[in-house]
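# A look at the structure
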Amino acid sequence: MSSSIVRKKTKGSSPSFDFIKDIGKVTGGTLLAITMVGSAIAAGGLVGLAISFRNLPDVRVLRTFTPAETSYIYDIKGKLLASLHGEANREVVPLNKISPDLKRAVIAIEDSNFYFHKGINPVSVGRAIVVNWQKGEVREGSSTLTMQLMKNVFLSRQRTFSRKLAEGVLAIRIEQILSKDQILEMYLNQIYWGHNNYGAQTAARTYFNKSVGSLTLAESAMMAGLIKAPQEYSPFVNMEEAKRQQRTVLRRMRDLGWITAQEETKAREQKITLGKIRSFQGSASPYVTNAASRELIGRFGRDAMLKGGMRVQTTVDATMQAQAQETVTKWHRRIRGQGVRADQMALVAIDPRTHFIKAIVGGVDPKKSEFNRATQAIRQPGSAFKPFVYYTAFATGKYTPNSVVADTPVRYREASGYYYPKNYDSTFGGSMSIRKALEVSRNIPAIKIGRAVGMNKVIENCRILGINSPMEPVTSLPLGAIGVTPLEMANAYATIANYGWQSPPTIIVRATDSKGNVLLDNTPKPQLVLEPWAAASLTDVMRGVINNGTGKAAQIGRPAAGKTGTTSSERDIWFVGYVPQLATAVWVGNDNYRPLGKGSTGGTFVAPIWRDFMLKALKNSPSQNFRPASDFERPRRS
């Protein structure tokens with residue numbers, strides 16, 4: 001099949017559609033014959049169905065279509081945090097106010113035959129019928145822009161043969177009452193572009209801080225590339241993937257003859273200047289809304305969240321959330337004044353008994369950046385990873401907090417030579433107990449214990465604790481040379497705090513539809529995933545970190561356990577700790593991974609932040625003691 005577009009180009013203007021001609025030549029063997037027969041059957045059958053399907057929606061309602069209902073998000077006590085609905089971030093613009101480059105880019109990548117088919121593309125339908133018949137289910141689509149519009153407005157996203165037939169019927173109907181330009185205008189104003197942007201105008205303002213009529217070819221191609229998966233391809237989330245999609249669109253436009261090779265090259269080389277994410281600006285707690293929306297989308301899909309009239313009760317306590325945000329804002333200014341060159345912070349607090357997220361702050365100022373570092377920033381935990389190594393040792397039954405390990409010079413053979421691990425202060429402490437080694441955060445004992453119990457076993461326990469980042473069983477693993485999110489760290493420590501009992505971490509307690517029918521119930525269903533004796537022993541050791549070790553600045557006047565974390569070159573500094581009722585992780589760093597400055601450690605600068613938040617969050621909660629390890633049976637030696 002070959003296609004050509006006859007273009008008219010005036011001086012100083014972009015090429016625009018004049019008309020479209022298509023000349024098709026199809027040759028081949030048996031599969032092609034089947035495809036053509038299927039095409040004829042599909043085309044004829046859908047025309048007949050267009051007459052007989054009397055119960056399908058009346059497409060004329062598109063002229064006055066509006067989303068059904070607004071969804072509302074509340075805190076755990078019923079305080080309204082945000083209202084979400086599709087129309088909230090849409091500005092409808094006429095087709096002649098939309099960049100010709102964007103129109104061409106969208107048609108090129110989504111439906112290059114748009115201007116000459118009658119709602120369905122017979123050849124594409126035939127090919128899809130063959131593939132889907134062979135597979136026994138819908139594997140390959142054949143959607144035109146018109147069919148996509150019908151799907152977004154009228155139909156579910158269930159992938160079935162009957163739904164595909166309905167799409168085709170409705171597409172034929174709409175093409176009988178609306179012109180191609182009207183369909184294209186409605187499509188560009190209706191579809192989802194990511195970050196709560198519905199319609200090309202709001203998307204253009206969000207992604208590039210300009211009107212949709214002013215988009216360049218490079219920007220238009222990037223926006224067109226978002227349509228299939230706007231969250232994954234967003235340049236705010238992954239610029240590399242967004243550029244890859246942009247190149248795909250540009251290559252398709254060049255192959256169709258709609259742009260020249262020179263125009264393609266120029267667009268690929270154009271520097272992209274991003275605007276800022278504008279979604280959820282009306283939210284009382286943007287980071288809560290962000291996290292809750294991601295969970296809802298993952299379970300129900302984007303349309304259900306924005307148009308389904310949901311009533312969503314989150315796990316967050318609005319008072320604690322405000323305390324968390326105030327703590328982050330205040331301490332960011334303070335540590336900057338103390339010489340720590342940190343642009344960002346994140347804080348996550350989880351109830352160990354339920355694994356409900358009680359507070360979540362993904363940055364210093366949500367008005368300037370809604371990127372949620374609490375759930376999305378992958379950072380190295382440094383020494384805050386060591387407790388996972390020591391838990392693994394205790395769980396074998398061979399080690400106790402009083403087991404002795406030598407903090408002495410050592411070297412290990414690596415593929416690239418020898419690895420000589422060092423402690424933070426470049427000194428050695430000789431023989432010491434595991435308790436002492438963790439209290440003062442010595443590196444060499446952690447590595448020796450990790451190698452003794454097996455790095456693969458450490459990784460296995462990390463997976464159980466909910467840490468899903470890539471990990472390799474290398475010698476330096478116990479020093480935290482992996483990427484984790486603050487949410488993962490808070491959740492893992494919460495499981496230890498609860499003696500190995502774990503529920504999936506969540507920010508949503510319950511979701512219903514507007515009539516009160518329950519859609520989601522996250523009542524905790526805890527499972528025992530760790531050895532309780534080992535978890536209790538580790539808690540006892542980490543109490544020593546706060547009472548006698550590197551975390552003294554985290555003392556809050558009640559039993560508490562935790563661990564400091566500082567990475568090489570001081571790029572990330574942490575404190576993660578807990579009491580029986582609350583586990584909290586605090587991270588400080590820079591989005592661009594710039595070092596924070598010599599002497600910037602978790603014990604010096606982050607432990608006081610953790611202390612300040614915990615004192616406020618626990619003000620009305622009674623002090624509780626941890627259960628001793630003697631309450632549990634010690635694992636048999638393995």
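For the structure, check the block above.
Here the structure is a predicted model, which is why all the values come from computation and not from measurement.

## A few points about the environment of Trp587
- Examined against the element boundaries, Trp587 turns out to sit in strand 20 (residues 582-589).
- Overall, Trp587 belongs to the buried group, its relative accessible area being 0%.
- C-alpha of Trp587 to C-alpha of Val606: the two residues are 19 residues apart in sequence and 7.4 Å apart in space.
- With sequence-adjacent residues up to four places away left out, Trp587 is seen in contact with Gln344, Met345, Ala346, Arg373, Arg379, Pro486, Asp572, Ile573 and Trp574.
- Engagement of the side chain of Trp587 in a polar contact is seen with the side chain of Asp572, the distance being 2.8 Å.

## Some remarks on helix 14 (residues 318-337)
- Between its terminal C-alpha atoms helix 14 stretches 29 Å, which fits the 28 Å expected from 20 residues at 1.5 Å a residue.
- Listed as buried for helix 14 are Ala318, Met320, Gln321, Ala324, Gln325, Thr327, Val328, Trp331, His332 and Ile335.
- Where the residues of helix 14 are buried, they touch helix 12 (286-300), strand 8 (344-351), strand 9 (356-361), strand 20 and helix 22 (602-617).
- Just downstream of helix 14 lies Gly339, where phi reads positive at about 100°.

## Some remarks on the side chain of Ser537
- Within the secondary structure layout, Ser537 lies in helix 21 (residues 532-548).
- Reaching out from Ser537, the side chain makes a polar contact with the backbone oxygen of Trp533 at a distance of 2.9 Å.
- Setting aside residues up to four positions removed in sequence, Ser537 forms contacts with Phe394, Pro401 and Ala629.

## Here we look at the sheet that holds strand 8
- Strands sit in the order 9-8-20-19-18 across an open sheet of five strands; the sheet is antiparallel. Looking along the sheet, the strands with just one partner apiece sit at the ends: strand 9 and strand 18 (561-566). Strand-to-strand, the axes of this sheet are offset by a mean angle of 10°, without reference to chain direction.
- Inspection of the sheet shows strand 8 paired to strand 20 by seven bridges, in the antiparallel sense. Bridging across to strand 20, Ala349 finds its partner in Thr584.
- Lying over the sheet, helix 21 contacts strand 18 and strand 19 (572-579), oriented at roughly 65° with respect to strand 18.

## Digging into the packing of aromatic side chains
- Counted by the stated rule, this structure contains 10 aromatic pairs.
- An angle of 70° between the planes, with centres 6.3 Å apart, marks the rings of Tyr493 and Tyr578 as edge-to-face. Residue Tyr493 is located in helix 20 (residues 486-497), and its partner Tyr578 is located in strand 19; the two are separated by 85 residues in the primary sequence. Like Tyr493, the residue Tyr578 is buried in the burial classification.
- Through successive ring pairs, a cluster of aromatic residues spans Phe385, Phe388, Tyr493, Tyr578 and Phe626.
- Over the ring of Tyr418 we find Arg411; its NZ or CZ atom is 4.0 Å from the centre of that ring.
- If you follow Arg627 out to its NZ or CZ, it ends over the ring of Tyr499, 5.8 Å from the centre.

## Some words on the packing of helix 2 (residues 100-110) against helix 10 (residues 239-255)
- For the pair helix 2 and helix 10, interaxial distance at closest approach is 9 Å and the crossing angle is 90°. What the angle tells us is that helix 2 and helix 10 run roughly perpendicular. Residues Asp101, Arg104, Ala105, Ala108 and Ile109 of helix 2 form the contact with helix 10, whose own contacting residues are Thr248, Val249, Arg252 and Met253.
- For the contact of helix 2 with helix 10, the class distribution of residues is five nonpolar, one polar and three charged.

## Quick notes on unusual backbone geometry
- Positive phi outside glycine occurs at Ser569, with the angle close to 65°.
- Inspection of the secondary structure assignment puts Ser569 in the loop between strand 18 and strand 19.
- The class for Ser569 is partly exposed, based on a relative accessible area of 37%.
- Here Glu570, not a glycine, exhibits a phi torsion of approximately 50°, which is positive.
- Relative to the assigned elements, Glu570 resides in the loop between strand 18 and strand 19.
- A relative accessible area of 8% means that Glu570 is categorised as buried.

## A short note on the pairing of strand 7 (residues 311-314)
- The side-chain alternation of strand 7 yields one buried face, formed by Val312 and Thr314, and one unburied face, formed by Arg311 and Gln313.
- Of the pairings in the sheet, the one linking strand 3 (residues 71-74) to strand 7 comprises three bridges and is parallel in character. In the strand pairing of strand 7, Tyr74 is matched with Gln313.
- The pairing of strand 7 with strand 15 (residues 508-512) spans four bridges and is classified as antiparallel. By the bridge assignment for strand 15, Val312 is matched with Ala511.

## Details of the sheet that holds strand 7
- With respect to topology, five strands assemble into an open sheet ordered 4-3-7-15-16, the strand pairing being mixed. Of all strands in the sheet, those with a lone pairing partner are strand 4 (80-84) and strand 16 (518-521), marking the two edges. When the angles between neighbouring strand axes are averaged without regard to direction, this sheet yields 15°.
- Two strands pair when backbone bridges link them, and strand 3 and strand 4 are joined in this way by four bridges, in the antiparallel orientation. Residue Ser71 lies in a different strand from strand 4, and its bridge partner there is Leu84.
- Across the sheet, helix 12 is in contact with strand 3, strand 4, strand 7, strand 15 and strand 16; its angle to strand 4 comes to roughly 50°.

## Things to note about the pattern of salt bridges
- With the rule as written, the count across this model stands at 23 salt bridges.
- With its nearest N and O atoms 3.3 Å apart, the salt bridge here joins Arg244 to Glu240. In this pair, Arg244 and Glu240 both sit in helix 10, four residues apart, roughly one turn of the helix.
- Residue classification places Arg244 among the partly exposed residues on the basis of a relative accessible area of 34%.
- Between Arg435 and Asp540 there is a salt bridge, and its shortest N-O distance comes to 2.9 Å. Remark: Asp540 occurs in helix 21 and Arg435 occurs in helix 17 (residues 434-439); sequence separation between them is 105 residues.
- When salt bridges that share partners are traced, they join Glu326, Lys330, Asp612 and Lys616 into one network.

## Some remarks on the environment of Leu477
- Summarising the element assignment, Leu477 is placed in the loop between helix 19 (455-464) and helix 20.
- Distance in space between the C-alpha atoms of Leu477 and Lys386 is 9.0 Å, their sequence separation being 91 residues.

## Brief notes about the packing of helix 18 (residues 443-453) against helix 19
- Running from amino to carboxyl end, helix 18 crosses helix 19 at an angle of 95°, the nearest separation of the two axes being 6 Å. Considering their axes alone, helix 18 and helix 19 lie roughly perpendicular with respect to each other. Contacts from Ile447, Gly450, Arg451 and Val453 of helix 18 reach helix 19 at Met455, Lys457 and Val458.
- Grouping the amino acids of the contact of helix 18 with helix 19 by side-chain chemistry returns four nonpolar, one polar and two charged.

Cut-off values and rules
Residues numbered from 1 in each chain as written. Predicted model: local features only at pLDDT ≥ 70, side-chain atom pairs only at ≥ 80, totals over all residues. Heavy atoms only, no water. Helix = DSSP H or I, 4+ residues; strand = E, 2+ residues; numbered from the N terminus. Buried < 20%, exposed > 50% of the residue type's maximum accessible area, 1.4 Å probe, protein only. Contact = heavy atoms within 4.5 Å. Polar contact = N/O pair within 3.5 Å; in protein donor to acceptor, adjacent residues only side chain to side chain. Expected span 1.5 Å × (residues − 1). Pairing = 2+ DSSP bridges. Axes fitted to C-alpha atoms, helices over the stretch in contact; angles between N-to-C directions. Phe/Tyr/Trp six-rings, centres within 6.5 Å; stacked < 30°, edge-to-face > 60°. Lys NZ or Arg CZ within 6 Å of the ring centre and 35° of its normal. Parallel < 35°, antiparallel > 145°, perpendicular 65-115°, else oblique. Nonpolar A, V, L, I, M, F, W, Y, C, P; charged D, E, K, R; others polar. Salt bridge = Lys/Arg side-chain N within 4 Å of Asp/Glu carboxyl O.

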